[in-house]
Amino acid sequence: MNSQSKIAVKPSARSESLGLSGIRVIFDKVSKMPDAIRLEFGEPDFDTPDNIKAAAIDAVRKGKTKYTPSSGIPELKSAVASKLKRENNIDYDPVKEIVVTAGATSGINLALLATMDYGDEILVPDPGWATYVHAVNIVGAKPIPYVLRESSDYSIDIKELAGLVTRKTKAILINSPSNPMGSILSRTNLQEIADFAIDHNLFVLSDEVYEKFLYQDGGMNEQVSIASLNEMKDRTVMINAFSKTYAMTGWRIGYAGASENIAGAMTKINAAQCSCVSTISQYAALEALKGPQDSVRNMISAFTERRQVLVKGLNEFSGFRCAMPKGAFYAFPNIKETGFRSDELAMKIVDKAHVAVVPGSAFGNQGEGYLRLAYANSVENIQEALVRIRKILN
Ligand SMILES: Cc1ncc(COP(=O)(O)O)c(C=O)c1O
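Since the structure is predicted, the reported quantities are computational estimates derived from the model, not experimental observations.

Caption draft 1: Structural view of the side chain of threonine 115. Checked against the element boundaries, threonine 115 lands in helix H6 (residues 103–115). When its relative accessible area of 3% is taken as the criterion, threonine 115 is described as buried. When sequence neighbours within four positions are dropped, the list of residues in contact with threonine 115 reads Asp120, Lys170, Phe203, Leu205, Val237 and Ile262.

Pasting the structure below:
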């Protein structure tokens, strides 16, 4: 083989459209710093609960190691449907309307592949989880960012949305509680989004992976699934996962609820892409839903304490202003008054304080002027990170 022919064959244009994620850049840098305090990663620092691990080991021992149906094992689909009825007030048929996915990431990709054609447009949050834009680009659709503003508590402005709709708009993607802001969409705002979706005949892709990460500060912060609102079930693809709630990021398991035709389309695509989700992870997920839930409660109470420590500390820095996040496990301080761009300040903090934080610009144009710090680390480490950052800001 001559080297010329190697060079002539290029990766696809769609793969080249995917840049290196802003988080990955920071990650690569701090990986070489043994004393770094890691506040960049969106992953609970807890271990997967023992009962879940035991269920996986038991599945292996019992030989549950073969392919499963492409939409998942019936027991897990039933447990998911019961959970969605009990906790989210949505009535899905477990056989036809639930699809087990390889985490929420795969759920989002399948939902996009099942709903969008080439050139279709989908409204996506800005700031928002960067993978949304990548996933939309991969399927050949077009992401149209809608702006979320700190001044309105990151609620969705329906009038602005209406201005973005064209005849190619097929869907809107929402995420509550949100990454990176830790904001939640109120029931009133979700009802407005539902009315908007009905008026414009759009699908809604609703990413609810942080549903359990809700904090109460006097007011009631509730998780409302848009699919539970009137007439919304059949136009929503509800996406969730075990990754965050049960500290199972590496198990790659999640689920989606959708109308029969969309769930069927997602299942066919899942079959073509990976046949089925890991059988062992499916049995582990079944135990996660059916077993004791105290690990979830303990994790949320640890996050509640860390959130207070981090947000209080950030607000003491000159030029920082950090609203108390209502959900997820991220603080998203406004750093505009420091005079630094978000990537400059993030790099300075990484290089000089050895604390890994992510520039807001990694989450879209509207993230500029902010940093994201995940409080998926111990109170002691968060306190030490604050001491280090204070030193270098001084
Ligand atoms: C908003 C959001 N959705 C989905 C995911 C990915 O979830 P999973 O690991 O289940 O694919 C993340 C991970 O950071 C996220 O922040």
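Caption draft 2: Molecular detail of unusual backbone geometry. Put simply, aspartate 126 and proline 127 share a cis peptide bond, and its omega is 0°. Examined against the element boundaries, proline 127 turns out to sit in the loop between strand S3 (121–126) and helix H7 (131–138). For the bond running from asparagine 179 to proline 180, omega is 15°, close enough to zero to count as cis. Although it is not a glycine, asparagine 201 adopts a positive phi angle of roughly 50°. With phi around 55°, histidine 354 is a residue other than glycine that occupies positive phi space. Along the chain, the position of histidine 354 falls in the loop between helix H13 (342–353) and strand S10 (355–356). Histidine 354 gets classed as partly exposed once you look at its relative accessible area, which sits at 22%.

Caption draft 3: Structural detail: the domain arrangement of the protein. Its domain assignment divides the protein into domain 1 (3–47 + 295–393) and domain 2 (50–290). Relative to domain 2, the C-alpha centre of domain 1 lies at a distance of 24 Å. Between domain 1 and domain 2, the contact holds 35 residues from the first and 34 residues from the second. Interface area, domain 1 with domain 2, both sides summed: about 3,000 Å², of which 57% is carbon and sulfur. The largest share of the area that domain 1 buries against domain 2 comes from Lys326, Phe363 and Gln366, three residues that together contribute 22% of it. Linking domain 1 with domain 2 are 4 salt bridges. A total of 7 residues in the side of domain 1 that touches domain 2 trace back to one element, the largest contributor, which is helix H12 (residues 294–315). Class assignment of the residues belonging to the side of domain 1 that touches domain 2 gives a composition of 17 nonpolar, 11 polar and 7 charged.

Caption draft 4: Spotlight on the sheet that holds strand S11 (residues 358–359). With antiparallel pairing, 3 strands are arranged side by side in an open sheet as S9-S12-S11. Edge positions in the sheet fall to strand S9 (330–331) and S11, since each has one partner strand and no second. The sheet contact formed by S11 and strand S12 (residues 371–374) spans 2 bridges and is antiparallel. Looking at S12, one finds that valine 358 is bridged to arginine 372.

Caption draft 5: The arrangement of the sheet that holds strand S4 (residues 142–147) in detail. Read from one edge to the other, the open sheet built from 7 strands follows the order S2-S8-S7-S6-S5-S3-S4, with strand pairing classed as mixed. Two strands lie at the open edges of the sheet, namely strand S2 (98–101) and S4, each paired on one side alone. Ignoring strand direction, the axes of neighbouring strands in this sheet form an average angle of 25°. Alignment of strand S7 (residues 236–241) against strand S8 (residues 254–257), held across 4 bridges, turns out to be antiparallel. For asparagine 240, the partnering residue across the bridge sits in S8 and is tyrosine 255.

Caption draft 6: Seen up close, the packing of helix H5 (residues 74–88) against helix H11 (residues 279–290). Where H5 meets H11, the closest approach of the two axes is 9 Å, and the angle between their N-to-C directions is 30°. Taken together, H5 and H11 sit at an angle that is classed as roughly parallel. For the crossing formed where H5 meets H11, the hand is left-handed. Between H5 and H11, the contacting residues are Glu75, Leu76, Ala79, Val80 and Lys83 on the first element and Gln282, Tyr283, Ala285, Leu286, Leu289 and Lys290 on the second. For the contact of H5 with H11, the class distribution of residues is 7 nonpolar, 1 polar and 3 charged.

Caption draft 7: Representation of a negative patch on the surface in the model. Taken together, the side chains of Asp157, Glu192, Asp195, Asp199 and Glu231 present a region of like negative charge at the surface. You can see aspartate 195 is positioned in helix H9 (residues 187–199). On the accessibility criterion, aspartate 195 (37% relative accessible area) is partly exposed.

Reading the values: rules and limits
Residues numbered from 1 in each chain as written. Predicted model: local features only at pLDDT ≥ 70, side-chain atom pairs only at ≥ 80, totals over all residues. Heavy atoms only, no water. Helix = DSSP H or I, 4+ residues; strand = E, 2+ residues; numbered from the N terminus. Buried < 20%, exposed > 50% of the residue type's maximum accessible area, 1.4 Å probe, protein only. Contact = heavy atoms within 4.5 Å. Domains from an automatic or database assignment. Buried area = accessible area lost by both parts, 1.4 Å probe. Salt bridge = Lys/Arg side-chain N within 4 Å of Asp/Glu carboxyl O. Nonpolar A, V, L, I, M, F, W, Y, C, P; charged D, E, K, R; others polar. Pairing = 2+ DSSP bridges. Axes fitted to C-alpha atoms, helices over the stretch in contact; angles between N-to-C directions. Parallel < 35°, antiparallel > 145°, perpendicular 65-115°, else oblique. Left-handed = near helix turned anticlockwise from the far one by under 90°. Patch = residues over 30% accessible without salt bridge, like charges linked within 9 Å, V, L, I, M, F, W, Y side chains within 5 Å. Areas by Shrake-Rupley, 256 points an atom, 1.4 Å probe, with all protein chains shown as cover. Lys, Arg positive; Asp, Glu negative; His and termini not counted. Charge placed at Lys NZ, Arg CZ, Asp CG, Glu CD.

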